[in-house]
Amino acid sequence: MTVTLEVAEGVGTLRLDRPPMNALDVATQDRIKELAQEATRREDVRAVVVYGGEKVFAAGADIKEMQNMDHAAMVLRARDLQDSFTAVARIPKPVVAAVTGYALGGGCELALCADYRIAADNAKLGQPEILLGLIPGAGGTQRLPRLVGPSRAKDLIFTGRMVKADEALAMGLVDRVVPAADVYTEAHAWAARLAQGPAIALRAAKEAIDTGVETDLETGLAVERNWFAGLFATEDRERGMRSFVEEGPGKAKFL
């Protein structure tokens, strides 16, 4: 299998495994979608780590495969390509990308689908599609500017240049930089902490934020208001408030 989902203690690791560079061919894209949907359904998965292994996250699409596709073939495929990545973005649970080595093209776009990105100090990220006479096609022209701003996104997409981990951190493309040997451990710890949190409230927070940044303030506030009130019907809310009153903040244990 080019992608696997391993689950332990509430954390699902979505692991790319297509040596040597985790090139994202059609079969791998479809497998990512399948397992992202599985992670969404499974109650024993409460947070997700997206990981490409110790050496590389994903170096992009399989160029040899794409070279053989004409316009008609890509018209049929382009939506499926986007949908495979969107399935990761729509996992209604906390998702962290553990970025090692290269995260280029589709690899960078996959990392953009996570809620949080922890990168190795030797990581390199970018959208080099312009160097092939193309533009990003798996969400890069949309998710990247929403994350780092339009002008920085245009710089990366127009030039196709790669950025090292320190520059990626400075522009907000990644959220933390750690030694390469610690990337997965740190990402898993982030996910494991949230896997112990209130699942419905975390889902509500993610949906409210994701919806809000895509719409006007009034609509976003309505989404927040509805989720906020709705959480008063949950056992987690009762448990969290009872613990706060009886034991003080930060000591609640959620199921």
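Residue numbering note: each chain is counted from 1, following its sequence as written. Given that this is a predicted model, residues contribute local features only at a pLDDT of at least 70 and side-chain atom pairs are listed and counted only at 80 or more, while totals for whole chains, interfaces and linings are drawn from all residues. Hydrogens are left out, water is left out, and the side-chain values use all remaining heavy atoms of the structure.

Draft legend 1. View of the overall build of the protein chain. A count of helices and strands for the protein chain gives eleven helices and nine strands. It is over C-alpha atoms that the radius of gyration is taken, and the globule rule equals 2.2 Å times the number of residues to the power 0.38. For 255 residues, the compact-globule estimate of 2.2 N^0.38 gives 18 Å, and the protein chain sits close to it at 19 Å. Taken along the three principal axes of its C-alpha coordinates, the protein chain extends 65 × 40 × 35 Å. Remark: exposure states derive from per-residue accessible area (1.4 Å probe, protein chains only) relative to the maximum for the residue type, with buried under 20%, exposed over 50%, and partly exposed in between. Classification of the 255 residues of the protein chain by burial places 42% in the buried group. Here a residue-residue contact requires only that any non-hydrogen atoms of the pair lie within 4.5 Å. When contacts within the protein chain are restricted to residue pairs at least 6 apart in sequence, long-range pairs at least 24 apart make up 69% of them. Helix and strand assignments follow DSSP, with helices taken as H or I runs no shorter than four residues and strands as E runs no shorter than two, numbered in order from the N terminus.

Draft legend 2. Here's a closer look at the packing of helix α1 (residues 26-41) against helix α3 (residues 71-89). Helix axes are fitted to C-alpha atoms over the stretch in contact, other axes to C-alpha atoms as well, and angles between N-to-C directions run from 0 to 180 degrees. In contact at an axis separation of 8 Å, α1 and α3 are set at 40 degrees when each is read in the N-to-C sense. In this view, α1 runs oblique relative to α3, as classed from their interaxial angle. Classified by chirality, the crossing of α3 by α1 is left-handed. Every residue of α3 that contacts α1 at Val26, Gln29, Asp30, Ile32, Lys33, Ala36 and Gln37 is listed here: Arg77, Leu81, Asp83, Ser84, Ala87 and Val88. All amino acids are sorted into three groups, where Ala, Val, Leu, Ile, Met, Phe, Trp, Tyr, Cys and Pro are nonpolar, Asp, Glu, Lys and Arg are charged, and the leftover types, Gly among them, are polar. Counted by class, the contact of α1 with α3 contains six nonpolar, three polar and four charged residues. In these notes the angle categories are as follows: under 35 degrees is roughly parallel, over 145 is roughly antiparallel, 65 to 115 is roughly perpendicular, and the rest is oblique. Note on convention: the crossing is left-handed when the near helix lies turned anticlockwise from the far helix by less than a right angle, right-handed when the turn is clockwise.

Draft legend 3. The arrangement of the state of the cysteines in detail. Criterion for a disulfide: a pair of cysteine sulfur atoms within 2.5 Å. If you walk through the whole model with that rule in mind, you get zero disulfides. We note that Cys108 lacks a disulfide partner, and the nearest cysteine sulfur, in Cys113, lies 10 Å from it. For Cys113, a relative accessible area of 3% puts it in the buried group.

Draft legend 4. Expanded view of the pairing of strand β3 (residues 47-51). Most of β3 sits out of view: five of its five residues are buried. Of the two faces of β3, the one carrying Ala47, Val49 and Tyr51 and the one carrying Val48 and Val50 are both buried. Pairing between two strands is assigned when DSSP locates at least 2 bridges connecting them. As paired strands, strand β2 (residues 11-16) and β3 are joined by five bridges and run parallel to one another. Its bridge partner lying in β3, Arg15 is registered against Tyr51. Here, the term right-handed applies to a crossover whose path from the first strand over the helix to the second runs clockwise when the strands point away from the viewer. A crossover links β2 with its parallel partner β3, the connecting element being α1, and its sense is right-handed. In terms of strand pairing, β3 meets strand β4 (residues 95-99) through four bridges, oriented parallel.

Draft legend 5. Region of interest: helix α5 (residues 140-148). Turning to α5, its buried residues are Gly140, Leu144 and Val148. Seen end-on, α5 carries its buried residues on one side only, within an arc spanning 20 degrees. Contacts made by the buried residues of α5 are with α4 (106-112), α6 (150-159) and α7 (165-171). Positioned one or two residues after α5, Gly149 has a phi angle of 100 degrees, which is positive. Our arc is simply the arc of the directions from the helix axis toward the C-beta atoms.

Draft legend 6. Summary view of the pairing of β2. Of all six residues in β2, five are buried, a share of seventy percent or more. Judged from the six bridges that link them, strand β1 (residues 3-8) and β2 form a sheet pairing that is antiparallel. Paired with Val3 across the bridge in β2 is Leu16. As consecutive antiparallel partners, β1 and β2 are separated by two residues, and within that stretch Glu9 has a phi angle of approximately 50 degrees, a positive value.

Draft legend 7. Inspection of the sheet that holds strand β8 (residues 162-164) at higher detail. Strands sit in the order β5-β7-β8 across an open sheet of three strands; the sheet is mixed. Each end of this open sheet is capped by a strand with a single partner; those strands are β5 (102-104) and β8. When the angles between neighbouring strand axes are averaged without regard to direction, this sheet yields 20 degrees. Here β5 pairs with strand β7 (residues 124-126) via three bridges, running parallel. Across the sheet, residue Leu104 finds its bridge partner in β7, namely Gly126.

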